[in-house]
Amino acid sequence: MPPPTTTPIGVVLTRTAKTASRAFDQALTAAGGSQPVWQILITLKTRTVANQRELADAVGIQGATLTHHLNAMETTGLVTRRRDPENRRVHLVELTDDGEQLFHRLATAAIAHDQRLRKGLTDTELTQLTDLLHRLATNVTDT
């Protein structure tokens with residue numbers, strides 16, 4: 001089989017995703033957070049989640065992994081957890097004032113990162129890129 005004449009699109013996409021993800025991690029770290037903390041904070045701010053199980057589903061991580069992150073976030077005063085008075089097996093998660101402040105710092109970092117990604121791209125190009133990325137995702141998920 002002859003070698004490809006161009007770099008396979010999957011390789012380009014993977015490299016680009018890793019580069020963008022590393023840059024986002026660095027931006028969040030500089031603002032005092034991390035990707036998992038950002039995902040938890042933004043989910044608590046933008047979705048109605050009543051308990052830890054719903055939060056894990058919304059963030060897209062396993063319950064045990066969420067518990068690990070919430071333990072650290074509770075220790076540092078970013079969230080509180082309390083038992084649901086109607087179901088003692090369920091923990092309710094809420095942001096503290098410190099969690100609110102970190103959310104706003106991380107939101108600022110996330111917006112700046114997004115602006116950095118968009119630099120030099122027109123609205124038309126961004127629309128095309130979004131469409132193409134959705135089509136690539138569809139290509140690998142359709143059976």
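Worth saying up front: this structure is predicted, and the values here are computed from it rather than measured.

Criteria and cut-off values
- Residues numbered from 1 in each chain as written.
- Predicted model: local features only at pLDDT ≥ 70, side-chain atom pairs only at ≥ 80, totals over all residues.
- Heavy atoms only, no water.
- Helix = DSSP H or I, 4+ residues; strand = E, 2+ residues; numbered from the N terminus.
- Rg over C-alpha atoms; globule rule 2.2 N^0.38 Å.
- Contact = heavy atoms within 4.5 Å.
- Areas by Shrake-Rupley, 256 points an atom, 1.4 Å probe, with all protein chains shown as cover.
- Lys, Arg positive; Asp, Glu negative; His and termini not counted.
- Charge placed at Lys NZ, Arg CZ, Asp CG, Glu CD.
- Pairing = 2+ DSSP bridges.
- Salt bridge = Lys/Arg side-chain N within 4 Å of Asp/Glu carboxyl O.
- Buried < 20%, exposed > 50% of the residue type's maximum accessible area, 1.4 Å probe, protein only.
- pLDDT = per-residue confidence, 0-100.

Another point: the overall build of the protein chain. Helices and strands together make up the secondary structure of the protein chain, namely 6 helices and 2 strands. Start at the N end of the protein chain and walk to the C end: the helices and strands fall as α-α-α-α-β-β-α-α. Radius of gyration (C-alpha) of the protein chain: 19 Å, far over the 15 Å computed for a compact globule of 143 residues. Taken along its principal axes, the extent of the C-alpha atoms in the protein chain is 65 × 35 × 25 Å. Residue pairs in contact within the protein chain that sit at least 24 positions apart in sequence constitute 45% of those at least 6 positions apart. Here the protein chain displays about 10200 Å² of accessible surface, and carbon together with sulfur accounts for 54% of that area. The averaged location of the 15 negative side-chain charges in the protein chain is 6 Å from the averaged location of its 16 positive side-chain charges.

Where a strand is regular, its side chains alternate between the two sheet faces. Relative to strand β2 (residues 87–95), strand β1 (residues 79–84) runs antiparallel, the two sharing 6 bridges. Bridging from a neighbouring strand, arginine 81 pairs with valine 93 of β2.

Turning our attention to the pattern of salt bridges. Tallied over the entire structure, the rule returns 5 salt bridges. For the salt bridge of glutamate 94 with arginine 82, the shortest nitrogen-to-oxygen distance reads 3.4 Å. Of this pair, glutamate 94 sits in strand β2 while arginine 82 is found in strand β1, placing the two residues 12 residues apart along the sequence. Looking at glutamate 94, the relative accessible area reads 37%, which means it is partly exposed. Relative accessible area serves as the criterion here: at 40%, arginine 82 is assigned to the partly exposed category. With a shortest N-O distance of 3.2 Å, arginine 135 and aspartate 131 are connected by a salt bridge. Of the two residues, arginine 135 and aspartate 131 are both situated in helix α6 (residues 123–141); the distance of 4 residues between them amounts to about one turn of the helix. Taking the relative accessible area as the measure of exposure, aspartate 131 reaches 38% and is therefore partly exposed.

For the protein chain, per-residue confidence averages 92 on the pLDDT scale, and 99% of positions sit at 70 or higher. Mean pLDDT across the secondary structure elements of the protein chain bottoms out at β2, with 83, and peaks at helix α5 (residues 97–118), with 97.

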